[in-house]
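One letter stands for each residue in the lines below.
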Amino acid sequence: MKKIKIKGIRTEALKPKEFIEEKIRELKEAVEDGLAINALSGGVDSSVVTALGHRALGKQLKTYFIDNGIMRENEPRKVAAIFKGLGIPITIVDARADFFKALKGVADPEEKREAITQTFYRNVFGRLVKKSGARSLLQGTILTDVEETAAGIKRQHNVFEQLGIDPQKEFGYRILEPLVQIRKDGVRKVGRALGLPASVFNRIPFPGPALAARVIGEVTPEKIRLVRKATSITEEELGSVKAFQYMAILHEDRVTGMRSGKRRFGFQIEIRCWDSVDARIAKPTRLSWQKLESLAGRVVEEIPEVVSVTYNIGTKPPSTIEAV
Ligand code: XMP
């Protein structure tokens, strides 16, 4: 394991107001009168970095939301509207075709993740970084990301290494990671102090590979449409349950069912709902039978292609939280 040189700040010791003031000073000093850019995904870390960065840099920071086509229902529009309401303009980049092209014919979980990472960094964001003329790039890297990368659990998170670029040497770019001393619960504290709505800083975790992590086998626009609909229903039905995370997964295998009195070979949706503190270990939430019935009822009623709904009662380990 590589040694980490970052001086972490414990969440209990974190004073959000002072932290924000210090990071504003540091960002202003680093960017001077230049231009910085960042990518907002709607997740907690990138949302907090966006709010913090705009407070420090104002118009000198340009924020892009890359619509990869595998997000939840209306996500790009919803996230951009929230930030617009906070006085932060977001440019949505339609990259759906790039991602679906990269995912075509790919069924292996790791290859799927790799296709998404490469499309994001090399094609879409890479182009924006080069075109923008920005000299600084803001990233929402947190301490846990650095630790997990050092331990070999996570893929490399450094954007420039992903681009195959030594930023300093090639462009004089610098990468700014204002959240790198804190962890997720610290990030939520900072998000609250920045005035972000709780619906942003308290969101349930959602994976970087988005709904592609919830389609078993090849990802197609049609399969994303089905799992997206099931995800909306699941989030609506389980939103009031105090669980760590909940999700719908679209299976590759189909099963025989019945629709309008005819046999139909239809899709299967698996529901997972987890109790966990930090995602390292997790147990299925003991949902009431009533809750499960109403959820399953809505899924088969609102998605005619689906004929079967299951609830996963495995634990992590040996399962993981996501299916892919
Ligand atoms: P697993 O599936 O590894 O998930 O038990 C643990 C937690 O991490 C989230 N997760 C990801 N988050 N990129 C992310 O940003 C990813 O590739 C990824 N894979 C899993 C997962 O949702 C859970 O909260």
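Keep in mind it's a predicted model, so treat the numbers as computed, not measured.

1. Digging into the overall build of the protein
Summing up its helical and strand segments, the protein has 12 helices and 10 strands in all. Relative to its length of 324 residues, the protein is compact, with a C-alpha radius of gyration of 21 Å against a globular reference of 20 Å. Taking the principal axes of its C-alpha atoms as reference, the protein extends roughly 70 × 45 × 40 Å. Restricting to contacts in the protein with at least 6 residues of sequence separation, those with at least 24 account for 75%. Carbon together with sulfur atoms contributes 51% to the accessible area of the protein, which is approximately 16800 Å² in total. For the protein, the distance from the average site of its 55 positive side-chain charges to the average site of its 41 negative ones is 2 Å.

2. A few points about the environment of R72
Within the fold, R72 resides in the loop between β2 (61-67) and α3 (75-85). Between the alpha carbons of R72 and K229 there is a distance of 8.4 Å; along the sequence they are 157 residues apart.

3. So, the packing of helix α1 (residues 16-31) against helix α2 (residues 44-57)
At a minimum axis distance of 9 Å, the contact between α1 and α2 shows a crossing angle of 65°. Crossing hand, α1 versus α2: right-handed. Across the interface between the two elements, I20, K23, I24, L27, K28 and V31 of α1 pack against L52, G53, R55, A56 and L57 of α2. In terms of residue class, the contact of α1 with α2 is built from 7 nonpolar, 1 polar and 3 charged.

4. Notes on the packing of aromatic side chains
Across all of its chains, the model carries 2 aromatic pairs by this definition. Centroid distance F120 to Y121: 5.0 Å. Interplanar angle 85°. Geometry classified as edge-to-face. Look at F120 and you get partly exposed, because its relative accessible area is 22%. We classify Y121 as buried; its relative accessible area is 15%. Between F120 and F125, the ring centres sit 5.4 Å apart and the planes meet at 20°, which makes this aromatic pair stacked. Of the aromatic side chains, those joined through ring pairs into one cluster are F120, Y121 and F125. Above the plane of the ring of F206 lies R72, whose end atom (NZ or CZ) is 3.8 Å from the centre. One residue, R254, lies across the ring of F267, its end atom 5.1 Å from the ring centre.

5. Focus on the site of the ligand
The immediate surroundings of the ligand are formed by R113, P205, P207, G208, P209, Q245, A279, K316, T320, I321 and E322. G208 is positioned with one of its backbone polar atoms (N or O) 3.1 Å from a nitrogen atom of the ligand. The separation between an oxygen atom of the ligand and a polar side-chain atom of K316 is 2.5 Å. Against a free-state accessible area of 490 Å², the protein chains account for coverage of 69% of the ligand. In the shell around the ligand, the residues fall into 5 nonpolar, 3 polar and 3 charged.

6. Details of the domain arrangement of the protein
Taken domain by domain, the protein comprises domain 1 (11-201) and domain 2 (215-311). When each unit is reduced to the centre of its C-alpha atoms, the spacing between domain 1 and domain 2 is 30 Å. Listed by partner, the interface residues are 12 residues for domain 1 and 13 residues for domain 2. Overall, the association of domain 1 and domain 2 removes approximately 920 Å² of surface from exposure, summing both partners, and the carbon and sulfur fraction of that is 53%. Contact with domain 2 buries area across many residues of domain 1, yet R72, E73 and F100 alone supply 45% of it, more than any other trio. In this assembly, domain 1 and domain 2 are joined by 1 salt bridge. At the surface where domain 1 touches domain 2, the tally comes to 7 residue pairs in polar contact (both at pLDDT 80 or more). Per-class residue counts for the side of domain 1 that touches domain 2 are 6 nonpolar, 2 polar and 4 charged.

7. Some thoughts on the nonpolar core
Of all hydrophobic cores here, the largest spans 43 residues; its most connected members are I66, I70, V219, I224, L238 and I269. Those elements giving two or more residues to this core turn out to be β2, α4 (96-103), α5 (109-132), α11 (221-238), β6 (245-250), β8 (262-275) and α12 (289-302). If we ignore the near neighbours within four places in the chain, the residues touching I66 are L40, M71, V93, A95, F99, F120, V124, F125 and L128. Among the nonpolar cores identified, the runner-up in size contains 35 residues, and F19, A30, A36 and L194 belong to it.

8. Quick word on the sheet that holds strand β4 (residues 136-138)
Read from one edge of the open sheet, 5 strands run β3-β2-β1-β4-β5, paired in parallel fashion. Of all strands in the sheet, those bounded by a partner on one side alone are β3 (90-94) and β5 (174-176). Within the sheet, the average angular offset between the axes of one strand and its neighbour, ignoring direction, is 30°. Where strand β1 (residues 36-39) and β4 come together, 2 bridges link them in parallel fashion. Looking at the pairing, A36 lines up with S136 of β4. The strands touched by α1 within the sheet are β1, β4 and β5, with β5 carrying the most contacts at an inclination of about 170°. Here α3 sits on the sheet in contact with β2 and β3, set at roughly 165° to β3.

Rules behind the numbers
- Residues numbered from 1 in each chain as written.
- Predicted model: local features only at pLDDT ≥ 70, side-chain atom pairs only at ≥ 80, totals over all residues.
- Heavy atoms only, no water.
- Helix = DSSP H or I, 4+ residues; strand = E, 2+ residues; numbered from the N terminus.
- Rg over C-alpha atoms; globule rule 2.2 N^0.38 Å.
- Contact = heavy atoms within 4.5 Å.
- Areas by Shrake-Rupley, 256 points an atom, 1.4 Å probe, with all protein chains shown as cover.
- Lys, Arg positive; Asp, Glu negative; His and termini not counted.
- Charge placed at Lys NZ, Arg CZ, Asp CG, Glu CD.
- Axes fitted to C-alpha atoms, helices over the stretch in contact; angles between N-to-C directions.
- Left-handed = near helix turned anticlockwise from the far one by under 90°.
- Nonpolar A, V, L, I, M, F, W, Y, C, P; charged D, E, K, R; others polar.
- Phe/Tyr/Trp six-rings, centres within 6.5 Å; stacked < 30°, edge-to-face > 60°.
- Buried < 20%, exposed > 50% of the residue type's maximum accessible area, 1.4 Å probe, protein only.
- Lys NZ or Arg CZ within 6 Å of the ring centre and 35° of its normal.
- Near = heavy atom within 4 Å.
- Polar contact = N/O pair within 3.5 Å; in protein donor to acceptor, adjacent residues only side chain to side chain.
- Domains from an automatic or database assignment.
- Buried area = accessible area lost by both parts, 1.4 Å probe.
- Salt bridge = Lys/Arg side-chain N within 4 Å of Asp/Glu carboxyl O.
- Core = buried A, V, L, I, M, F, W, Y, C linked by side-chain atoms within 4.5 Å.
- Pairing = 2+ DSSP bridges.

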